[in-house]
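Listed here are the chains, written in short residue letters.
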Amino acid sequence: MGTTYAQLSIEDRCRIAGLQEQGRSIRQIAAALDRAPSTVAREIKRNAGRRVGYRPAYAHEQTRARRWKGSKLERDESLRRVVLDRLGQGWSPEQIAGRLAREQAKPSVSHETIYRFIYAQIARTKDYSWRNYLPRSKSKRGCRGRRGGSSTSFIEGRIPLAERPAEACDRQTPGHWEADLMMFAKYGQAILTVHERSSRILLAARPDNKTAYLIAELIEQLLRPIPSQLRRTITFDNGTEFARHSRLHRLDLKTFFCDPYAPWQKGGIENAIGRMRRLIPRKTDLATISDRNFEALLQTYNATPRKCLDFRTPAELFLE
């Protein structure tokens, strides 16, 4: 068990002042307070006034003035600007903290400090727009209820995930992909997303509809330019839009499907879609986003550092 240290109270400071007036030495005062002599010496040296000497009330106020209870982001304006700018770009607090540590070769701010700063602003100002700086735009901490799983459908030639090669599970071997549709509030709008498990690179397209033939064609167009050694397997959920998966076999891609009601088995693409929601929320009308802006948003995702990649970006790792 370590020694517990308690700060000097106003009563302790009154006794120090009284004993000092009686001409007691530092060691005698320390013995009377059951404190280390260095504690008493440091207290008198730091909190005595030049003209008035050591006074309990003055010493207590000096100690309180030196204690800063505010956030590091409130004290450091330049750091606050950097953090808020990157939050505005869609980076998470953890990504910001990790990237700053990587750039500066030492930690400058923790992700917990960033979260506390944002929630403190909400509590202090009652301005709930501060929550938009956070990845999930939550105004308070805590878990939300879980949504239901995917529907089950019959798919010809469907191979269950349990038969996928073991090398696809540890994310160490590149070339294993996951695919899903990112749905939106406006009927008929969706983004086809394809995610590589090792590098976390994300490819995407905007289909005109969800027919199985078109979805398979778009996946083929996205993956055909990729070197053959980076096309090993691809995993889907049980949506009927992936029923024409056999078309991808001509790319030497082996296709696998999650168990019914188990979308978490392709957690990489689920996580990627959640991150893309920060850039393109569900209520977005895709018709208002030009092709150029859509490509820019995708590049922003792939240029954002990830903790799981040692704060490298998916684009950096995929190019390696």
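Structure's up top.
These remarks concern the structure in this document. These numbers come from a predicted model, not from an experiment.

Let us look at the packing of aromatic side chains. Under the counting rule described, the total for this entry stands at five aromatic pairs. Arranged with centres 5.9 Å apart and planes meeting at 85 degrees, the rings of Phe-117 and Trp-130 form a pair that is edge-to-face. Pair noted here: Phe-117 is in helix α8 (residues 111–125) and Trp-130 is in the loop between α8 and β1 (176–183), with a separation of 13 residues, a long-range link. Judged on exposure class, the residue Phe-117 and its partner Trp-130 are both buried. Consider the rings of Phe-236 and Phe-242, whose centres lie 4.7 Å apart with planes at 25 degrees: the pair is stacked. Here the two residues Phe-236 and Phe-242 agree in accessibility, since each one is buried. Aromatic ring contacts, followed pair by pair, group Phe-117, Trp-130 and Tyr-133 into a single cluster. The positively charged end of Arg-206 is found above the aromatic ring belonging to Phe-294, 4.9 Å away from the centroid. Taking the ring centre of Phe-184 as reference, the NZ or CZ of Arg-277 above it sits at 5.1 Å.

The next point concerns the packing of helix α6 (residues 77–88) against α8. For any two helices packed against each other, the geometry comes down to the angle between their axes and how far apart the axes lie. In the contact formed by α6 and α8, the axes pass within 12 Å of each other and the chain directions differ by 85 degrees. When the interaxial angle is binned, α6 and α8 end up roughly perpendicular. The residues of α8 that touch α6, namely those facing Arg-80, Val-83, Leu-84 and Leu-87, are Ile-114, Phe-117 and Ile-118. Counted by class, the contact of α6 with α8 contains six nonpolar, no polar and one charged residues.

A separate point is the sheet that holds strand β4 (residues 233–236). Strand order in this open sheet of five strands is β3-β2-β1-β4-β5, and the pairing throughout is mixed. Each having just a single partner strand, β3 (202–205) and β5 (254–257) make up the two edges of the open sheet. Shown here is a sheet whose adjacent strand axes are inclined to one another by a mean of 25 degrees, direction ignored. Pairing of β1 with strand β2 (residues 190–196), which is carried by seven bridges, proceeds in the antiparallel orientation. Each bridged residue has a counterpart across the sheet, and for Trp-177 the counterpart in β2 is Glu-196. Helix α9 (residues 212–223) rests against β1, β2, β3 and β4 of the sheet, and its axis sits at about 45 degrees to β2. Running over the sheet, helix α11 (residues 291–302) touches β2 and β3 and is turned about 165 degrees from β3.

Rules used throughout
- Residues numbered from 1 in each chain as written.
- Predicted model: local features only at pLDDT ≥ 70, side-chain atom pairs only at ≥ 80, totals over all residues.
- Heavy atoms only, no water.
- Phe/Tyr/Trp six-rings, centres within 6.5 Å; stacked < 30°, edge-to-face > 60°.
- Helix = DSSP H or I, 4+ residues; strand = E, 2+ residues; numbered from the N terminus.
- Buried < 20%, exposed > 50% of the residue type's maximum accessible area, 1.4 Å probe, protein only.
- Lys NZ or Arg CZ within 6 Å of the ring centre and 35° of its normal.
- Axes fitted to C-alpha atoms, helices over the stretch in contact; angles between N-to-C directions.
- Parallel < 35°, antiparallel > 145°, perpendicular 65-115°, else oblique.
- Contact = heavy atoms within 4.5 Å.
- Nonpolar A, V, L, I, M, F, W, Y, C, P; charged D, E, K, R; others polar.
- Pairing = 2+ DSSP bridges.

These values are about where atoms sit, not about what they do.
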